[in-house]
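Structural characterization, general
This is what each chain is made of:
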Amino acid sequence: MSTKRIVVVGGGWGGVAAAAAACKAGAEVTLLERADMLLGTGLVGGIFRNNGRFTAAEEMTALGSGDMFDAMDQCARHKNIEFPGHKHSSLYDVYEMEPAVKSRLLDMGIDVRLTASVKSAEKSGGRLVSVRTSGGETIEGDVFIDATGTSAFPGNCIKYGNGCAMCILRCHSFSPRVSITTLAGVEEWDAVKANGNAGAMSGSCKLFKESLSKDIVDTLERTGVAVIPIPKELQTGSEKLSAKACQQYATAAFAENIVLLDTGPAKLMTPYYPLEALRQITGCERARYEDPIAGGLGNSMRYFRFANCSNTTQAAGETTNIFCAGEKLGAMVGHTEAIVTGSLAGHNAVRYAAGIPLLTLPDSLAVGDFVNHVIGEMKRPECRGTKYTFSGSVYFERMKSLGLYTTDIGEIEERVRASGLSGIMGKTVI
Ligand SMILES: Cc1cc2nc3c(=O)[nH]c(=O)nc-3n(C[C@H](O)[C@H](O)[C@H](O)COP(=O)(O)OP(=O)(O)OC[C@H]3O[C@@H](n4cnc5c(N)ncnc54)[C@H](O)[C@@H]3O)c2cc1C
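Residues numbered from 1 in each chain as written. Predicted model: local features only at pLDDT ≥ 70, side-chain atom pairs only at ≥ 80, totals over all residues. Heavy atoms only, no water.

1. Observations concerning the side chain of Asn51
For Asn51, the location among the structural elements is in the loop between strand E3 (47–48) and helix H2 (53–62). Classification of Asn51 as buried rests on a relative accessible area of 4%. Of the polar contacts made by the side chain of Asn51, one reaches the backbone oxygen of Ser391; its length is 2.8 Å. For Asn51, the residues in contact, after removing those within four places along its chain, are Gly85, His86, Lys87, His88, Phe390, Ser391, Phe396 and Tyr405. (Helix = DSSP H or I, 4+ residues; strand = E, 2+ residues; numbered from the N terminus. Buried < 20%, exposed > 50% of the residue type's maximum accessible area, 1.4 Å probe, protein only. Polar contact = N/O pair within 3.5 Å; in protein donor to acceptor, adjacent residues only side chain to side chain. Contact = heavy atoms within 4.5 Å.)

Here you go:
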């Protein structure tokens, strides 16, 4: 069979997982990223394996697509820690992670192109045939994967958030997000909450450790976590937290305490916190924001423009050779969630190019139930304001009620074996 060429647009966790999976399935892969580093919002995240994300990571490993979780484990600063509401969490080092993923992809033979922002797309006969970058390059492909996320558009931060807070996405330097699905005319939706507000604000900031007291830094580096009570008069209630993209952290513990996690810098588990108030908390008198730089005022806004897709991740509509990964696929929050959908998109893109049936993950697996359930929910406008994650909130409750949450690796391997899919995503399909 002739070589199949897969073009992945967007190098966040969804895009890098898609690229790796497509490469393992036997395709020639080009990955285009608009910024000068991979990982997108994953450049400032770090939490994985918490709550149901442990089960999802191990299921993906048993399915033959554990590469990105292995990379995260290799870059973990802390393993198996607890913080309010979250068990057996790991934290990757945000400074180590991106170079490690990039070199893995290069070692696999993937053509990784940075500062390659896709601006336009050309269609012919119901198929996308090429995309064009800001540098004027035309990249042709058999199948395209949109992994452009749902953020990186300053107009949304200004209209629906507190303005541009100058975050890691650096839209003003590397140009805003452009989605392939938009260019191809695929139906897209915004996450609109019951109160009519569109989008959601990203849920954490980074503080320079050098700007915190030695006591806080020692606790963080020893245990991974520092929980510092906020004096009553400075508590702002949970209203701000309910605006968060990460609804699993919208609880009283996060309103009554400053919760810091050690991901290299100190990850502050709140969308923003006025600097003057933060500096009244013991140990934070000299606090400064690393990301967003204006973290005292606001954060990036996400969950705009996700695409209408089937549960194989194939975009709906007339242009048949587009698949979607990560947040582009629906209101799914997290690195783990983006890796799950990215891996499926990458694998199915090659199946489609090869003309063989697409893979649908079965409901007997947590990753299958997650994808199938959330894609179904996205078809209903009233569900698009909810955020879905293995790590908490509505989906983790569903996962537990269906008996899908477990940390028993033997049980997970047996579950995947019973589905007949052990190692399937680790094999070529061409
Ligand atoms: C501040 C913050 C903290 C977070 N913390 C955590 C955490 O600790 N744990 C966790 O699990 N999740 C966390 N998340 C959520 C998680 O990062 C995301 O849900 C997930 O990583 C999304 O991945 P993605 O690939 O779908 O999108 P993104 O990460 O948004 O990646 C999309 C990529 O596409 C690129 N792109 C866009 N348009 C184009 C174009 N036209 N051409 C080329 N490239 C383009 C962008 O530059 C970007 O790199 C956090 C998010 C934020 C913002």
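2. Some words on the layout of surface pockets
Sizing a probe to match a water molecule and rolling it over the atoms shows the empty space that remains. Approximately 410 Å³ is the volume found for the largest pocket. Looking at the largest pocket, it is lined by 28 residues, and the ones nearest its centre are Cys167, Ile168, Leu169, Arg170 and Asp291. For the lining of the largest pocket, the secondary-structure elements that each account for two or more residues are helix H4 (94–108), helix H5 (154–160), helix H6 (171–174) and strand E17 (289–291). With four residues, H4 is the largest single contributor of residues to the lining of the largest pocket. Of the residues that constitute the lining of the largest pocket, the class distribution is 19 nonpolar, four polar and five charged. Per-domain counts for the lining of the largest pocket show at least three residues from each of domain 1 (5–196 + 301–426) and domain 2 (203–291). (1 Å grid on protein atoms, 1.4 Å probe; cavity = no way out; pocket = protein on both sides within 12 Å on 5 of 7 lines; lining within 4 Å. Points joined across faces, edges and corners; volume = space filled by probe spheres on them. Nonpolar A, V, L, I, M, F, W, Y, C, P; charged D, E, K, R; others polar. Domains from an automatic or database assignment.)

3. A word on the packing of aromatic side chains
Scanning the entire structure with this criterion turns up eight aromatic pairs. Ring centres of Phe396 and Tyr405 lie 5.0 Å apart, and the angle between their planes is 80°; this geometry places the pair in the edge-to-face category. Using a relative accessible area of 26% as the deciding quantity, one classes Tyr405 as partly exposed. In this structure an aromatic cluster arises from ring pairing among Trp13, Phe48 and Tyr92. (Phe/Tyr/Trp six-rings, centres within 6.5 Å; stacked < 30°, edge-to-face > 60°.)

4. A few points about the site of the ligand
Surrounding the ligand, one finds 37 residues, the nearest of these being Glu33, Arg34, Thr41, Glu327 and His335. In the model, an oxygen atom of the ligand is placed 3.4 Å from a nitrogen or oxygen of the Trp13 main chain. One nitrogen or oxygen atom from the main chain of Ala147 is found 3.5 Å from an oxygen atom belonging to the ligand. Relative to its unbound accessible surface of 1,000 Å², the ligand loses 98% to contact with the protein. (Near = heavy atom within 4 Å. Areas by Shrake-Rupley, 256 points an atom, 1.4 Å probe, with all protein chains shown as cover.)

5. Description of helix H14 (residues 393–401)
Taken together, the buried positions of H14 are Tyr395, Phe396 and Met399. When H14 is viewed along its axis, its buried side chains cluster within an angular range of 100° and face the same direction. On its buried face, H14 is in contact with H2 and helix H13 (366–378). Gly403 occupies a position one or two residues after H14 and carries a positive phi of about 70°. (Arc of directions from axis to C-beta.)

6. A short note on unusual backbone geometry
For the peptide bond that leads from Asp291 to Pro292, omega is -15°, which places it in the cis range. Of note, Pro292 is situated in the loop between E17 and strand E18 (301–302). Its identity is not glycine, yet Ala152 carries a phi of approximately 60°, on the positive side. Looking at the secondary structure, you find Ala152 in the loop between strand E10 (143–146) and H5. Phi angles above zero are rare outside glycine, and Thr313 is one such case at about 85°.

7. Quick notes on the domain arrangement of the protein chain
Per the domain assignment, the segments of the protein chain are domain 1 (5–196 + 301–426) and domain 2 (203–291). Averaged C-alpha coordinates put domain 1 and domain 2 at centres separated by 27 Å. The interface of domain 1 with domain 2 comprises 31 residues on the first partner and 26 residues on the second. Surface buried jointly by domain 1 and domain 2 totals about 2,100 Å² across both partners, of which 58% is contributed by carbon and sulfur atoms. Where domain 1 meets domain 2, there are two salt bridges. In this structure, Arg77 and Glu221 form a salt bridge, with 4.0 Å as the shortest nitrogen-oxygen distance. Across the contact surface, domain 1 and domain 2 share six residue pairs in polar contact (both at pLDDT 80 or more). Listed by contribution, the elements that provide at least two residues to the side of domain 1 that touches domain 2 are strand E4 (76–83), strand E5 (86–92) and H4. Counting residues per element, the side of domain 1 that touches domain 2 draws most heavily on E4, at five residues. (Buried area = accessible area lost by both parts, 1.4 Å probe. Salt bridge = Lys/Arg side-chain N within 4 Å of Asp/Glu carboxyl O.)

8. Considering the sheet that holds strand E13 (residues 205–207)
Here five strands make up an open sheet; going across it, the order is E14-E15-E16-E13-E17 and the pairing antiparallel. Either end of the sheet is taken by a strand with one partner, and the two such strands are strand E14 (225–229) and E17. When strand polarity is set aside, the average angle formed by the axes of neighbouring strands in this sheet is 35°. Relative to strand E15 (residues 257–262), E14 is paired through five bridges, and the arrangement is antiparallel. Note on E15: the bridge partner recorded for Val225 is Leu261. Along the sheet, helix H8 (residues 214–223) contacts E14, E15 and strand E16 (266–268); its crossing angle with E14, the most-contacted strand, is approximately 140°. (Pairing = 2+ DSSP bridges. Axes fitted to C-alpha atoms, helices over the stretch in contact; angles between N-to-C directions.)

9. A few points about the environment of Leu38
Structurally, Leu38 can be placed in the loop between strand E2 (28–32) and E3. Along the sequence, Leu38 and Gly66 sit 28 residues apart, while their C-alpha atoms lie 19 Å from each other. Leu38 has contacts with Gly11, Val16, Leu31, Glu33, Leu43, Glu98, Lys102, Leu105, Val112 and Leu114, leaving out every residue within four places of it along the chain.

10. Concerning the nonpolar core
Generally speaking, a soluble globular protein has its nonpolar side chains buried in company with each other. Counting 96 residues, the largest nonpolar core has Ile6, Trp13, Leu63 and Leu105 as the members making the most contacts within it. Leu105 has contacts with Val16, Ala20, Leu31, Leu38, Met68, Ile110 and Val112, leaving out every residue within four places of it along the chain. (Core = buried A, V, L, I, M, F, W, Y, C linked by side-chain atoms within 4.5 Å.)

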